[in-house]
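# Geometric and topological summary
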Amino acid sequence: DQHFSVICGMDHPGDLVLTPDRDFFIAPQFGGVAPFVSPENRHTGKLSLVSVAEETAQDLEIKFSDNTWGDGRCEWSQDKLMEPHGIDLVQRTDGDYQLAVVNHYSGDSIEMFELISADPTWILVWRGCVRVPEVYYLNDISLSEDGSLYVSHMYRPDFTIFDLRLLELFKYDTGFVMRWDPEHGFGQVPGSEGANPSGLIYDSENLLLYVAHTSGDRIDVLDMAKRTILETFPLNSPDNLIMKDGYIWATSRDHELLDTTLCEEFFPCALPFSVYQLEQINLELINKWSFNHTSMGMPTVAHPLEGRVWLGGAHSDRIASFPQ
């Protein structure tokens, strides 16, 4: 339409990371989470590799190697399935590229892959995973160069639609961010509590943790050295966050979260939304773009690339872009 260019034929690309050559996006094929989608209606998926130049998508090939990244207790088989959610990519201190994926299939786990160039494309090599205690229900992930990570625990796994309605009314704390490393396992990050925490970014250079509280309608910046909230930016239903070139990129649903239950059968579900570009440290508003009744609805991530902003959506069959 007059607003967006789109790449169709996608499978619920709820998050986006850019490959090192900047030629491809990697996106999870998101299958839904409770209480929005019942367990019997959730679907398994893979990871999509999206060519920016060719505007095409394909499943990422997965191979196997030593089980050395993660807790060392997980296993992977050729027929193992995934329900991928949040993803993150980082270059490790040893030079390898590590992709982490929140996987909801048969209980939460965090799958670890090495991203390897197979010119002109990329492949994944499974390198291990982390088992997640059953009391947690994860959303997003942020990797550190040393292999440690941060994950957002949204709410308890048996959360219901009635619970969600109460949450939207009263904005009470349902979850928090956890840090994991091989030596200490999982531990709660003080000050990260909120209503349905989802997107997060750990800025290792400045020791800052950015957390999007989707039902709390805000983005927090935590000073990890002082364990205090440094800044807060009010935003309706923020989701995944992208840090790029000194800015934080976020989307907002300019409607109520429960409105999305009316859109189960419609693609795209053209509810109003906005895209925000924020200054990295103090979250000062730099730019805002608002849309309604477009060919892309309900985006959950905004990623800038070469003068355009690319949008992915957890309830979408396409990726869209518009001029920055």
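Keep in mind the model is a prediction, meaning the values are calculated, not measured.

Together, D21, D23, D119 and E306 line one region of the surface with negative charge. Here D119 shows up in the loop between β9 (109–118) and β10 (121–131).

Taken in spatial order, the five strands make up an open sheet running β6-β10-β9-β8-β7, and their pairing is mixed. Two strands lie at the open edges of the sheet, namely β6 (62–64) and β7 (84–91), each paired on one side alone. Mean inter-strand twist for the sheet, computed between neighbouring axes without regard to direction, equals 35°.

A general feature of soluble globular proteins is that nonpolar side chains tend to end up buried together. F4, F25, V275, W310, L311 and F322 are the most contacted members of the largest nonpolar core, which totals 25 residues. Of all the secondary structure elements, the ones that give two or more residues to this core are β3 (24–28), β21 (273–279), β22 (285–291), β23 (301–305), β24 (308–312) and β25 (318–323). Residues contacting L311, with those up to four places away along its chain left out, are F4, L16, F273, V275, M296, P299, V301, A302, R318, I319, A320 and F322. Listed in part, the 19 residues of the second largest apolar core include L47, L49, M82 and V101.

Scanning all chains against the criterion turns up 14 aromatic pairs. Judged by centre distance (6.2 Å) and plane angle (15°), the rings of F4 and F273 are stacked. Note that F4 is positioned in the segment before β1 (5–8) and F273 in strand β21, a separation of 269 residues in sequence. Here the aromatic rings of F4 and F291 are separated by 4.7 Å at their centres, their planes lie at 50°, and the arrangement is tilted. In this pair, F4 sits in the segment before β1 while F291 sits in strand β22, placing the two residues 287 residues apart along the sequence. The burial state of F4 is the same as that of F291; both residues are buried. Clustering of aromatic rings is evident, with ring pairs tying together F4, W249, F273, W289, F291 and F322.

A word on the pairing of strand β5 (residues 56–59). Relative to β5, strand β4 (residues 47–51) runs antiparallel, the two being bridged by four bridges. Its bridge partner lying in β5, S48 is registered against D59. Turn length for the β4-β5 hairpin, with the two strands adjacent in sequence and antiparallel, is four residues, and the turn residue E55 shows positive phi of about 55°.

Its place among the elements puts S252 in strand β20 (residues 247–253). Owing to a relative accessible area of 1%, S252 belongs among the buried residues under this scheme. Looking at S252, its side chain comes within polar contact range of the side chain of D254, at 2.9 Å. For S252, the contacting residues outside a window of four places in its chain are L235, N236, S237, F273, S274 and Y276.

Take the side chain of D239 next. Inspection of the secondary structure assignment puts D239 in the loop between β18 (228–234) and β19 (242–244). For D239, the side chain forms a polar contact with the side chain of R253, separated by 3.3 Å. Every residue in contact with D239, bar those within four places of it in the chain, is listed here: S198, G199, A212, T214, T251, R253 and T300.

This paragraph deals with unusual backbone geometry. Along the chain, A34 connects to P35 via a cis peptide bond; the corresponding omega equals 0°. Within the element layout of this structure, P35 appears in the loop between β3 and β4. With an omega of 10°, the peptide bond running from D119 to P120 counts as cis. With respect to the helices and strands, P120 occurs in the loop between β9 and β10. Positive phi outside glycine occurs at K171, with the angle close to 55°. Structurally, the position occupied by K171 is in the loop between α1 (161–170) and β13 (176–181). A residue is classified by how much of its surface remains accessible, and K171, at 31% relative accessible area, is partly exposed. Phi at S237 is positive, roughly 50°, even though this residue is not glycine. Along the chain, S237 falls in the loop between β18 and β19.

Basis of the calculations
- Residues numbered from 1 in each chain as written.
- Predicted model: local features only at pLDDT ≥ 70, side-chain atom pairs only at ≥ 80, totals over all residues.
- Heavy atoms only, no water.
- Patch = residues over 30% accessible without salt bridge, like charges linked within 9 Å, V, L, I, M, F, W, Y side chains within 5 Å.
- Areas by Shrake-Rupley, 256 points an atom, 1.4 Å probe, with all protein chains shown as cover.
- Salt bridge = Lys/Arg side-chain N within 4 Å of Asp/Glu carboxyl O.
- Lys, Arg positive; Asp, Glu negative; His and termini not counted.
- Charge placed at Lys NZ, Arg CZ, Asp CG, Glu CD.
- Helix = DSSP H or I, 4+ residues; strand = E, 2+ residues; numbered from the N terminus.
- Pairing = 2+ DSSP bridges.
- Axes fitted to C-alpha atoms, helices over the stretch in contact; angles between N-to-C directions.
- Core = buried A, V, L, I, M, F, W, Y, C linked by side-chain atoms within 4.5 Å.
- Buried < 20%, exposed > 50% of the residue type's maximum accessible area, 1.4 Å probe, protein only.
- Contact = heavy atoms within 4.5 Å.
- Phe/Tyr/Trp six-rings, centres within 6.5 Å; stacked < 30°, edge-to-face > 60°.
- Polar contact = N/O pair within 3.5 Å; in protein donor to acceptor, adjacent residues only side chain to side chain.

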